[in-house]
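Topology and contacts: notes
So you can see what is in the structure, the chains are spelled out below.
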Amino acid sequence: MARIIALLAIVFASLATSAAGAASPRNVLPQPATNADFHDLGQSDAAKVALGAQLFYDKVLSGNFNISCATCHHSFTGTGDGLALPIGEGGRGLGVARDTGIGADAVHERVPRNAPHVFNLGASEFEILFHDGRVQPNPDFPNGIESPAGHDLPDGLDNVLAVQAMFPVTSGTEMAGQPGENPVADAAAAGNLAGPGGVWEQLAERLQGLPGYVDQFVAVFPDVVTAGDIRFTHAANAIAAFEAANWRSDNSPFDRFLRGERGAMSRAQVKGMRVFYSRRKGNCASCHSGTFQTDHSFRAVAMPQIGPGKGDGVGYEDFGRERVTGDVRDRYRFRVPTLRNVALTAPYGHGGAYDTLEAVVRHHLDPVASLKDYDPAQLRLPGRPDLDAGDLAAMNDAAVVEAIASANELAEMHLSEREIGYLIDFLHALTDPAMLDLRGDVPRSLPSGLPLGD
Ligand code: HEC
Ligand code: HEC
């Protein structure tokens with residue numbers, strides 16, 4: 001009898017838990033992505049996409065002809081570079097094999113932020129780009145988009161991705177080179193982007209001089225009749241079409257699950273999804289909400305600050321969103337990243353502090369403790385003594401660490417080891433298998449004749 005009562009008690013207890021489970025507050029599951037979520041950026045125009053692919057991989061857009069967009073956003077490294085912080089112009093090689101270069105050509109400094117992946121940025125909800133959102137909608141600016149070029153941004157850019165593509169070529173460290181090395185670098189250093197002899201005009205002239213490109217620009221753009229009509233904005237529009245067409249990625253097991261395909265996710269992944277979306281458990285969707293797991297907001301989550309920073313505060317700090325808004329309440333807030341294909345895009349965080357998915361997930365569970373106990377052994381950075389010396393400047397400054405900690409707005413959460421494991425399994429369900437092998441993105445040759453190597 002006692003055993004029967006005990007058994008009944010267990011049955012009732014489990015009924016009670018499942019009833020509570022059903023009523024438990026839960027962030028809603030997103031809608032599956034559809035075609036309507038994506039702009040038509042001309043991705044249906046195969047010639048435009050093919051032109052964009054060549055430009056994306058061509059070092060002709062860099063001052064010293066030694067780096068392309070793809071060096072930091074390569075198809076072999078999940079459209080990122082596999083490093084905590086990129087090695088810009090002057091470095092040699094790809095991904096984790098990249099070095100800091102040699103002699104006078106060697107890199108001068110580290111690029112201060114992690115290179116994000118470029119998946120799904122053709123979806124119309126991605127209106128704000130960069131870790132601090134410095135490219136964002138604003139009707140008062142050319143093309144309706146506010147950017148570092150302000151009112152100097154030329155008209156005729158198709159969308160936010162095209163606007164973004166105007167900027168890497170203007171950065172000395174990323175693509176232009178150091179003043180004195182080449183005329184593009186000189187113009188960039190003088191802040192001459194849009195003027196006569198500016199960065200954009202010089203690069204357009206390079207393209208105008210390459211017949212293999214001219215023919216394609218004439219075929220793709222109705223307003224390009226002769227070589228002299230080519231502007232850098234045309235190149236940016238083609239690059240945007242390529243990025244949007246090739247890196248749309250909405251066929252992960254999670255997408256298929258949302259579209260009603262039972263069994264698309266493993267049981268562990270379904271459990272991880274519940275942890276992710278439950279307010280009482282992971283509560284991840286209070287920030288990583290919506291179809292692409294981001295609400296596009298800016299939050300301070302006590303992410304370790306690695307590298308030279310953006311020159312803020314004592315010098316090696318990065319104030320994040322405050323740099324754009326000027327509002328001190330935005331200090332150390334960074335963009336909530338999309339988690340699509342996140343298993344393919346390590347290292348993580350705006351400074352690439354965490355090398356594994358598990359480490360960045362554990363950071364979220366107790367952000368301040370994780371910041372203070374940060375283990376720099378995981379930093380994935382090509383070394384050079386003078387560069388290495390600055391990598392932990394912020395982390396070795398107790399006052400800076402304290403300031404980052406006190407700005408934290410991510411509550412601690414208590415998950416069991418098993419739940420953490422499920423959560424990581426779920427994050428793997430956000431990988432679209434079509435993105436695992438992107439070798440087909442790489443063009444076979446380039447009109448400039450420059451090598452495709454890195
Ligand atoms: C030296 C490495 C490097 C090169 C070369 C480079 N990028 Fe990037 N890219 C970055 C970094 C770093 C960021 C983030 C910067 C930030 O947020 O402040 C970024 C951001 C972006 C973003 C925004 C992603 C997002 O989620 O907000 C896009 C799109 C992009 N780059 C495309 C390009 C294109 C197109 C080119 C070539 C014209 C290019 N990149 C060249 C390193 C690079
Ligand atoms: C308060 C908002 C917030 C919540 C809640 C939140 N995150 Fe984040 N998450 C962020 C922000 C902001 C970043 C980027 C911080 C940075 O770059 O400095 C981030 C980064 C990440 C990254 C790294 C992605 C990348 O590309 O670098 C992963 C993975 C991640 N979050 C997973 C989770 C999971 C899993 C949960 C739930 C346990 C969660 N997040 C809850 C705001 C949040």
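Here the structure is a predicted model, which is why all the values come from computation and not from measurement.

Rules used in this analysis
Residues numbered from 1 in each chain as written. Chains lettered and ligands numbered in written order. Predicted model: local features only at pLDDT ≥ 70, side-chain atom pairs only at ≥ 80, totals over all residues. Heavy atoms only, no water. Helix = DSSP H or I, 4+ residues; strand = E, 2+ residues; numbered from the N terminus. Rg over C-alpha atoms; globule rule 2.2 N^0.38 Å. Buried < 20%, exposed > 50% of the residue type's maximum accessible area, 1.4 Å probe, protein only. Contact = heavy atoms within 4.5 Å. Areas by Shrake-Rupley, 256 points an atom, 1.4 Å probe, with all protein chains shown as cover. Lys, Arg positive; Asp, Glu negative; His and termini not counted. Charge placed at Lys NZ, Arg CZ, Asp CG, Glu CD. Near = heavy atom within 4 Å. Polar contact = N/O pair within 3.5 Å; in protein donor to acceptor, adjacent residues only side chain to side chain. Donors = N, O, S within 2.8 Å, 3.2 Å for Na, K, Ca; no water. pLDDT = per-residue confidence, 0-100. Core = buried A, V, L, I, M, F, W, Y, C linked by side-chain atoms within 4.5 Å. Phe/Tyr/Trp six-rings, centres within 6.5 Å; stacked < 30°, edge-to-face > 60°. Lys NZ or Arg CZ within 6 Å of the ring centre and 35° of its normal.

We now examine the overall build of the protein. Each helix and strand counted, the protein has 17 helices and four strands in total. Against the compact-globule benchmark of 22 Å for 454 residues, the protein has a radius of gyration of 24 Å, which places it among compact chains. Based on the C-alpha atoms only, the size of the protein along its principal axes is roughly 95 × 50 × 40 Å. Out of the 454 residues in the protein, the part that is buried amounts to 54%. Within the protein, counting contacts between residues at least 6 apart in sequence, those at least 24 apart form 67% of the total. Accessible surface computed for the protein: about 19,400 Å², of which carbon and sulfur atoms make up 55%. Charged side chains of the protein number 37 positive and 55 negative; the gap between the two group centres comes to 11 Å.

Around ligand 1, the structure places 27 residues, and the nearest of them are Cys69, Cys72, His73, Phe130 and Arg134. Residue Gln164 places a side-chain N or O atom 3.2 Å away from a nitrogen atom belonging to ligand 1. For the shell around ligand 1, the elements supplying multiple residues, two or more each, are helix H3 (69–72), helix H4 (160–165), helix H5 (172–176) and helix H9 (232–246). With three residues, H4 is the largest single contributor of residues to the shell around ligand 1.

All right, on to the site of ligand 2 then. Close to ligand 2 lie 24 residues, the nearest being Cys284, Cys287, His288, His350 and His364. One nitrogen or oxygen atom from the side chain of His288 is found 2.8 Å from a nitrogen atom belonging to ligand 2. Taking His350, its side chain carries an N or O atom lying 2.6 Å from an oxygen atom of ligand 2. Ranked by residues supplied to the shell around ligand 2, first place goes to helix H13 (residues 357–365) with three residues.

A lone protein donor contacts the iron atom of ligand 1, and this donor is His73 (NE2), found at 2.1 Å. The topology assignment puts His73 in the loop between H3 and strand S1 (136–137).

With that settled, consider the confidence of the model for the protein. In the predicted model, the protein carries a mean pLDDT of 93, and the fraction of residues at 70 or more is 93%. pLDDT under 50 marks residues 1–24. Its contacts with residues more than four places away, or in other chains, come to three contacts.

A general tendency of soluble globular proteins is for nonpolar side chains to be buried together. In terms of nonpolar packing, the biggest core is built from 65 residues, with Leu55, Leu61, Val199, Trp200, Leu207, Phe217 and Trp247 touching the most fellow members. When contributions to this core are tallied by element, the ones reaching two or more residues are helix H2 (46–57), H3, H4, H5, helix H6 (183–189), helix H7 (199–208), helix H8 (211–220) and H9. At nine residues, H9 tops the list of elements feeding residues into this core. In contact with Phe217, not counting residues within four places along its chain, are Leu51, Leu55, Leu207, Val224, Ile230, His234 and Ala235. By size, the runner-up hydrophobic cluster in this structure holds 47 residues, among which are Val342, Tyr348, Val401 and Leu427.

The subject of this paragraph is the packing of aromatic side chains. Scanning the entire structure with this criterion turns up 17 aromatic pairs. Both rings, one in Tyr57 and one in Phe242, keep their centres 6.4 Å apart while their planes meet at 70°; by these two values the pair is edge-to-face. Residue Tyr57 is found in helix H2, and its partner Phe242 is found in helix H9; the two are separated by 185 residues along the sequence. Here Tyr57 falls in the buried class, since its relative accessible area comes to 1%. On the basis of relative accessible area, Phe242 is assigned to the buried category, the value being 1%. Arranged with centres 6.1 Å apart and planes meeting at 80°, the rings of Phe167 and Trp200 form a pair that is edge-to-face. Highlighted residues: Phe167 in the loop between H4 and H5 and Trp200 in helix H7, separated in sequence by 33 residues. Pair check on accessibility: Phe167 and Trp200 agree, each one buried. Counting every residue linked through ring pairs, the aromatic cluster contains Phe56, Tyr57, Phe242 and Trp247. Here Arg248 stacks its cationic end above the ring of Phe38, 3.9 Å away from the centre of that ring. Sitting above the plane of the Phe319 ring, Arg331 keeps its charged end 3.8 Å from the centroid.

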